Amino acid sequence: MRAWTRPTVPALPGSAPLPVLHDTATAERRPTRVVDGAASLYVCGITPYDATHLGHASTYLAFDTLVRIWLDAGVAVTYAQNTTDVDDPLLERAAATGVDWRDLAASQTDLFRSDMQHLQVLPPDHYVAVTDVVSDVALAAARLLDLGLAYRVDTPGSTEGDDVYFDVRAAERSTSWHLGLESRYDLETMTRFSAERGGDPDRPGKRDPLDPLLWRAARDGEPSWPSALSAGRPGWHIECTVIAQAHLAAPISVNGGGSDLVFPHHEMSAAHGTAMTGEPYADLWAHTGMVAYQGEKMSKSLGNLVKVSELVAAGHDARAVRLAVAGHHYRSDWEWFDADLEAAEARLDRWARWASAADDAAADDEPTPLLAALRHALADDLDTPSALAAVDARVASGSTATAVDLDAVQALLGVDLRR
Ligand code: 5CA
Ligand code: ZN
């Protein structure tokens, strides 16, 4: 599927350090895995029914920062992202609003693309819709059945066949994956999150309450695709496994998303992946904090959204939106206040005035102290607040901006001050 237009990333002089990131699985900071100069990244994409709120934006901006510092360090990055364009919440929203689910997904995916472009987010190399990989998901589920790691659950609601579930305990016995490997959660927490986040721990006929759905047999009125299993549609976690494995060799250098995906989504994607390849799924698990608004997690289901497209339509500069988000460390949970945008606009204004007086002629292509400070801050677990403070200090010092300074802000922070 088409992603979006790639923003310009100026090349920077000198050499950059490789990033160190906090890893959810070990709760330690670890260097990202780069093999023969290459790294891979998978980030869970949106479910396109109400895009793009600042929580989404914050997550994709964090991983954009990672891509930018990898590129600066000379790493060849392969980045894959999905879009969950068929799933219960999308179908429910389409039914509630009387819109065809395909039209809803297409329009919200378009909006997401234009929001990412406004925010100068680098596009993934592989942007993949779940509806484009349905037969691959069915094959993967069939393979897991063959391996004895999946089973059918009696599904009276379907005339087409039975739902297929992944057998978590069997996978623990016969693969290197185990429950809690990545999340470090206890059983009670996992069971609660499974119920809250799309699982069905109480469904009768399952071998273990945590077993996740791999393939959902068709129900009346639901979209479905023919397959050797039954007419049906993909379960959630397996979609990301199949898309990641189609484009990225295991283990993925960094598997990313918001912290609401730690369990069950990422842990189950890893279980499926390890079951299919025998390899660990990801080398490092990176999770972004949750953005709240009006006291609660910003979410499509609650409707307490601040959308990028609405801020831009109201005349706000997307660069200021990017700066407002970058003012928070990606791992912290934080709340959006409308005044944050005013503060970011004032900051952008100061930076732009500094940039307009830049001494482009004096460009000598040597790393500047500002470039070194940005590299140092960002390689250190994507410390964008310190990076912004470094630019603030440079601007406040009153000394003239150089071309390398402006290139550094554009390449590493995604903010083009020459516009
Ligand atoms: N399609 C699935 C992933 S396969 C999904 O979670 N879609 S989503 O639209 O709900 O979220 C898209 C991304 O934004 C996910 O990485 C999610 O963790 C992140 N996200 C959602 N809400 C917030 C929030 N309030 N703050 C930060 N990140 C968020
Ligand atoms: Zn995902």
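Residues numbered from 1 in each chain as written. Chains lettered and ligands numbered in written order. Predicted model: local features only at pLDDT ≥ 70, side-chain atom pairs only at ≥ 80, totals over all residues. Heavy atoms only, no water.

(A) Up close: the overall build of the chain. Secondary structure assignment for the chain yields 14 helices and 14 strands. Principal-axis analysis of the C-alpha atoms gives the chain an extent of 70 × 45 × 35 Å. Averaging the coordinates of the 35 positive side-chain charges in the chain and doing the same for the 61 negative ones gives two points 1 Å apart. (Helix = DSSP H or I, 4+ residues; strand = E, 2+ residues; numbered from the N terminus. Lys, Arg positive; Asp, Glu negative; His and termini not counted. Charge placed at Lys NZ, Arg CZ, Asp CG, Glu CD.)

(B) Spatial organisation of unusual backbone geometry. A cis amide bond, omega -20 degrees, links Ala-51 with the succeeding residue Thr-52. Considering the arrangement of structural elements, one finds Thr-52 in the loop between β3 (38-43) and α1 (54-72). Omega for the bond connecting Phe-263 with Pro-264 falls within 30 degrees of zero, at 0 degrees, which places this linkage in the cis form. With respect to the element layout, Pro-264 can be found in helix α8 (residues 262-277). Positive phi is not limited to glycine here, since Arg-184 has a value of about 65 degrees. Relative to the helices and strands, Arg-184 resides in the loop between α5 (168-174) and α6 (187-196).

(C) Structural view of the sheet that holds strand β6 (residues 150-153). Reading across the sheet, the four strands line up as β6-β7-β8-β9 and stay open at both edges, with antiparallel pairing between neighbours. Two strands lie at the open edges of the sheet, namely β6 and β9 (232-234), each paired on one side alone. Neighbouring strand axes in the sheet, compared pairwise and without regard to direction, differ in orientation by 20 degrees on average. Bridge analysis of strand β7 (residues 163-166) against strand β8 (residues 213-217) gives two bridges, and the strand direction is antiparallel. Looking at β8, one finds that Val-164 is bridged to Trp-215. Packed on one face of the sheet, helix α4 (residues 134-146) meets β6, β7, β8 and β9 and runs near 115 degrees to β8. (Pairing = 2+ DSSP bridges. Axes fitted to C-alpha atoms, helices over the stretch in contact; angles between N-to-C directions. Contact = heavy atoms within 4.5 Å.)

(D) Fine view of empty space enclosed by the protein. Scanning the model with the defined rule gives two cavities of 30 Å³ or more in all. When its volume is computed, the largest cavity comes out at roughly 160 Å³. Lining the largest cavity we find 15 residues, and of these Leu-61, Ala-62, Thr-65, Ala-326 and Thr-384 sit closest to its centre. Those elements that place two or more of their residues in the lining of the largest cavity are α1, α10 (318-326) and α14 (403-413). For the lining of the largest cavity, the residue count by class is nine nonpolar, five polar and one charged. Looking at the second largest cavity, its volume works out to about 30 Å³. As for the second largest cavity, its lining consists of Ala-16, Pro-17, Ile-69, Asp-72, Arg-375, Ala-379 and Leu-412. (1 Å grid on protein atoms, 1.4 Å probe; cavity = no way out; pocket = protein on both sides within 12 Å on 5 of 7 lines; lining within 4 Å. Points joined across faces, edges and corners; volume = space filled by probe spheres on them. Nonpolar A, V, L, I, M, F, W, Y, C, P; charged D, E, K, R; others polar.)

(E) Structural view of the packing of helix α11 (residues 338-356) against helix α13 (residues 384-396). The N-to-C vectors of α11 and α13 enclose an angle of 50 degrees; their axes lie 10 Å apart at closest approach. Accordingly, the angle class assigned to the pair α11 and α13 is oblique. The hand of the α11/α13 crossing is left-handed. Packed against α11, whose contacting residues are Arg-347, Arg-350, Trp-351 and Trp-354, the element α13 presents Leu-388, Val-391, Asp-392, Arg-394 and Val-395 at the interface. (Parallel < 35°, antiparallel > 145°, perpendicular 65-115°, else oblique. Left-handed = near helix turned anticlockwise from the far one by under 90°.)

(F) Structural view of the coordination of the zinc ion (ligand 2). Within the first shell, the zinc ion (ligand 2) binds the protein through Cys-44 (SG), Cys-240 (SG) and His-265 (NE2), at distances of 2.0 to 2.3 Å. Every donor counted, the four donor atoms about the zinc ion (ligand 2) form angles of 103 to 119 degrees at the centre, which fits tetrahedral coordination. (Donors = N, O, S within 2.8 Å, 3.2 Å for Na, K, Ca; no water. Tetrahedral: all angles 85-135°; square planar, octahedral: opposite > 155°, others 65-115°.)

(G) Molecular detail of the pattern of salt bridges. Under the defined criterion, the tally for this structure stands at 30 salt bridges. Among the salt bridges present, the one from Arg-30 reaches Asp-283, with a minimum N-O distance of 3.3 Å. Separated by 253 residues along the polypeptide, Arg-30 in strand β2 (residues 28-31) and Asp-283 in strand β11 (residues 282-288) bring together distant segments of the chain. One salt bridge connects Arg-322 with Asp-64, and the closest N-O pair in it is separated by 2.7 Å. Within this pair, whereas Arg-322 is found in helix α10, its partner Asp-64 is found in helix α1, the two being separated by 258 residues in sequence. An identical accessibility class is assigned to Arg-322 and Asp-64; each is buried. (Salt bridge = Lys/Arg side-chain N within 4 Å of Asp/Glu carboxyl O. Buried < 20%, exposed > 50% of the residue type's maximum accessible area, 1.4 Å probe, protein only.)

(H) Geometry of the site of ligand 1. Near ligand 1 lie 24 residues; those nearest to it are Gly-45, Thr-84, Asp-260, Val-291 and Lys-300. A distance of 2.9 Å separates a nitrogen atom of ligand 1 from a polar atom in the side chain of Thr-59. Here Met-298 contributes a backbone N or O atom positioned 2.9 Å from a nitrogen atom of ligand 1. Within the complex, 94% of the 600 Å² of free accessible area of ligand 1 lies under protein. Of all the elements in the fold, those that place two or more residues in the shell around ligand 1 are α1, α7 (236-247) and β10 (252-258). Of all the elements, α1 adds the most residues to the shell around ligand 1, at four residues. Of the residues contributing to the shell around ligand 1, the split by class is nine nonpolar, twelve polar and three charged. (Near = heavy atom within 4 Å. Polar contact = N/O pair within 3.5 Å; in protein donor to acceptor, adjacent residues only side chain to side chain. Areas by Shrake-Rupley, 256 points an atom, 1.4 Å probe, with all protein chains shown as cover.)

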